[in-house]
2 protein chains.
Amino acid sequence: MSFKEKLLLKTKDIDEKLELYLPSESEDETGIIAKAMRYSVFAGGKRLRPIILVSVAEALGGDVNKAYPFACALEMIHTYSLIHDDLPAMDNDDFRRGILTNHKVFGEDIAILAGDALLNRSFEIMSKACALNNDCSLVKAMEAIARAAGAKGMLGGQVVDVINDGKKIDEKTLRYIDKNKTAAMISGAFEAGAYIARAGEETTRLLYEAGQNIGVAFQIQDDILDVIGDFETFGKSIGSDEKNNKTTYVTMFGLEKAKEDTASLSEKAVKIFKEIGSSMDFLAELTNYLIKRNN
Amino acid sequence: MSFKEKLLLKTKDIDEKLELYLPSESEDETGIIAKAMRYSVFAGGKRLRPIILVSVAEALGGDVNKAYPFACALEMIHTYSLIHDDLPAMDNDDFRRGILTNHKVFGEDIAILAGDALLNRSFEIMSKACALNNDCSLVKAMEAIARAAGAKGMLGGQVVDVINDGKKIDEKTLRYIDKNKTAAMISGAFEAGAYIARAGEETTRLLYEAGQNIGVAFQIQDDILDVIGDFETFGKSIGSDEKNNKTTYVTMFGLEKAKEDTASLSEKAVKIFKEIGSSMDFLAELTNYLIKRNN
């Protein structure tokens, strides 16, 4: 099977599992919240974080069925952060992935609650999985995900991003935002996957490091696409960073260095995968695929 | 020690533990979020939910030290729900407990993120406690709390409340909101406390039921105080429900029936405590105290 076919299969797998783990739309009066949750979860995400988590668990000999609840939880947390990020009080975005943002469709109140509900649901699913399997490695995976999503991870990055909105930021701040807002949940996906497979401490640490590199590379590639991308393919407005006076890796270091650093960060990650062994080949291919992506 | 002294001691205990479990204000650039989280957590809550959880665990012979992280998590979830409830897109309240609401002090963006951070932190603390203690009863407690906070609990109640804002609602809807928005987290406190103490299935079920009765009684008492309370003591505007055309238990059934039902719901709960045994005396006293409260 080609890499592209594998990727498609894994994406389909995650979509099917998300379908199961999200509340159904017609259950009761809270149906509207299920609808709003599903709207954003099924708005066409790449499923990068869940695919990484499941692939890592699988590559290290873990049980993929134990990995799915955690993978879906990661995607729900990612989605809640996007819904809240898009709110008028935050980035005030009308479009995401080419379609209207959650609050433009459901109203601000429901969008806030749909975000809350996704975050809550993710922990409901993970707690349930831990309780059912009676497996403390799973609890460690949940803890890693909570840490990645929290004030010392993604949320911390969002906060620093928000308080610096419209301001010129220095390199340290830019690196803090990239490392936390984007990379934390990607390194969290690697770490959680490793825990689910009961990997050793050193392997877990190395994978976390690979995740950090891939996460930062992913963000820089996003900044690059904001300059050289194509609206139809990228699904977001091109040139929006420049228009909003947003400091990005590209505006700070230029397009060439941005491209070079994306490549070298990815190489570092791939080197780690090679060290661990051939079972990590899919993750190496995924890393190379990500820096060549145009959406 | 009198009931009041015991209650004061327990409140102080929870406040001290919350102090430990919340991020400190000066750690790094994310300090503002810690400040916003602390502002609302330490805005003078009654700590009802955490006190119930710890008292139940203690009464059933559980380890209170294992109970604290879950108790604090409950209070953080409760606080996040208040912060988001007060937002302009939701209830648009300027005051809560006699002081400015979170978004009036920190801005809407930080208030949204502070709420998110509290919800996330609560699960971080609980996951960590589960991982450290290697104890699956704790995982069950976390699962109970996640369920109580989620779309089939508190969040579901908030949603139905929000979509019916300004509308006349029927009895079924009113009961749904009271049962979920307010009572779910109180019954969740009882259930989680029982799990932490590894109580039997029947005791856990009975305590959950007692919690539902107390939770609904608590909400009705709140509706009563909105009519007959005193602003200084209650800390909220009096008569706001009538002004906002809000259907409450009092507007639907009248003050007398509201008082009667608060009393009979509380009696049902007290009966359950008596059945379980004298170790539950504090919880019986707490129940009687709650229906006589004026704030």
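Residues numbered from 1 in each chain as written. Chains lettered and ligands numbered in written order. Predicted model: local features only at pLDDT ≥ 70, side-chain atom pairs only at ≥ 80, totals over all residues. Heavy atoms only, no water.

(A) Spatial organisation of the relation of the copies chain A and chain B. For the pair chain A and chain B, the superposition axis carries a translation of 0.0 Å, the fit reaches an RMSD of 0.0 Å, and the rotation angle comes to 180 degrees. Interpreted geometrically, this transformation is the action of a two-fold axis. (Least-squares fit on C-alpha atoms with pLDDT ≥ 70 in both.)

(B) Summary view of the pattern of salt bridges. With the rule as written, the count across this model stands at 32 salt bridges over all chains. The salt bridge partner of Glu 58 of chain A is Lys 10 of chain A, with a shortest N-O separation of 3.3 Å. Taken together, the residues Glu 58 of chain A in helix α3 (residues 48-59) and Lys 10 of chain A in helix α1 (residues 3-21) connect sequence positions 48 residues apart. For Glu 58 of chain A, a relative accessible area of 43% translates into the label partly exposed. In this structure, Arg 293 of chain B and Asp 222 of chain B form a salt bridge, with 3.3 Å as the shortest nitrogen-oxygen distance. Separated by 71 residues along the polypeptide, Arg 293 of chain B in the segment after α15 (281-292) and Asp 222 of chain B in helix α10 (residues 201-228) bring together distant segments of the chain. Like Arg 293 of chain B, the residue Asp 222 of chain B is buried in the burial classification. In this structure, a network of salt bridges that share partners links the residues Asp 85, Asp 161, Lys 181 and Lys 246 of chain A. (Salt bridge = Lys/Arg side-chain N within 4 Å of Asp/Glu carboxyl O. Helix = DSSP H or I, 4+ residues; strand = E, 2+ residues; numbered from the N terminus. Buried < 20%, exposed > 50% of the residue type's maximum accessible area, 1.4 Å probe, protein only.)

(C) Summary view of the interface of chain A and chain B. At the interface, 47 residues of chain A touch 47 residues of chain B. Contact between chain A and chain B buries roughly 4,300 Å² in total, counting both sides, with carbon and sulfur atoms accounting for 69%. Linking chain A with chain B are zero salt bridges. On inspection of chain A and its partner chain B, the count reaches four residue pairs in polar contact (both at pLDDT 80 or more). Contributions of two or more residues to the side of chain A that touches chain B are made by α2 (31-41), α4 (64-86), α6 (108-133), α7 (136-149), α8 (154-163) and α9 (171-196) of chain A. Of the residues forming the side of chain A that touches chain B, the biggest block, 15 residues, is contributed by α6 of chain A. Of the residues belonging to the side of chain A that touches chain B, the class tally is 26 nonpolar, 10 polar and 11 charged. (Contact = heavy atoms within 4.5 Å. Buried area = accessible area lost by both parts, 1.4 Å probe. Polar contact = N/O pair within 3.5 Å; in protein donor to acceptor, adjacent residues only side chain to side chain. Nonpolar A, V, L, I, M, F, W, Y, C, P; charged D, E, K, R; others polar.)

(D) Geometry of helix α6 (residues 108-133) of chain B. Under the 1.5 Å per step criterion, the end-to-end length of α6 of chain B is 38 Å for 26 residues, consistent within 8% with the ideal 38 Å. Positioned one or two residues after α6 of chain B, Asn 134 of chain B has a phi angle of 50 degrees, which is positive. (Expected span 1.5 Å × (residues − 1).)

(E) A look at the environment of Leu 286 of chain B. All names here are of chain B. Structurally, the position occupied by Leu 286 is in helix α15. Given a relative accessible area of 4%, Leu 286 falls into the buried group. When near neighbours in sequence (up to four residues on either side) are disregarded, Leu 286 contacts Phe 3, Leu 7, Leu 48, Ile 51 and Ile 52.

(F) Focus on the packing of aromatic side chains. The final tally for this structure, using the stated rule, is 11 aromatic pairs over all chains. Seen from their ring centres, Phe 190 of chain B and Phe 273 of chain B are 5.7 Å apart, and the 15 degrees between their planes marks the pair as stacked. With Phe 190 of chain B in helix α9 (residues 171-196) and Phe 273 of chain B in helix α14 (residues 255-276), this pair connects stretches of sequence that are 83 residues apart. Residue Phe 273 of chain B is classed as buried on the basis of its relative accessible area, which comes to 1%. Within the aromatic cluster, the residues linked to one another by ring pairs are Phe 3, Phe 282 and Tyr 289 of chain A. Positioned above the aromatic ring of Tyr 68 of chain A, the side-chain terminus of Lys 17 of chain A is 4.3 Å from the ring centre. (Phe/Tyr/Trp six-rings, centres within 6.5 Å; stacked < 30°, edge-to-face > 60°. Lys NZ or Arg CZ within 6 Å of the ring centre and 35° of its normal.)

(G) Local environment of the environment of Pro 50 of chain B. Residue and element names in this part refer to chain B. Checked against the element boundaries, Pro 50 lands in helix α3 (residues 48-59). Note: C-alpha distance between Pro 50 and Met 37 (13 residues apart in sequence) is 17 Å. Each residue touching Pro 50, except ones within four places of it in the same chain, is listed here: Ile 14, Ala 71, Leu 74 and Glu 75.

(H) Geometry of the packing of α8 of chain A against α6 of chain B. Packing of α8 of chain A against α6 of chain B brings their axes to within 11 Å, and their N-to-C directions diverge by 170 degrees. Compared by their axis directions, α8 of chain A and α6 of chain B come out roughly antiparallel. Of α6 of chain B, the residues touching α8 of chain A (which contributes Leu 155, Gln 158, Val 159, Val 162 and Ile 163 of chain A) are Asp 109, Ile 110, Leu 113, Asp 116, Ala 117 and Asn 120 of chain B. Broken down by class, the residue content of the contact of α8 of chain A with α6 of chain B amounts to seven nonpolar, two polar and two charged. (Axes fitted to C-alpha atoms, helices over the stretch in contact; angles between N-to-C directions. Parallel < 35°, antiparallel > 145°, perpendicular 65-115°, else oblique.)

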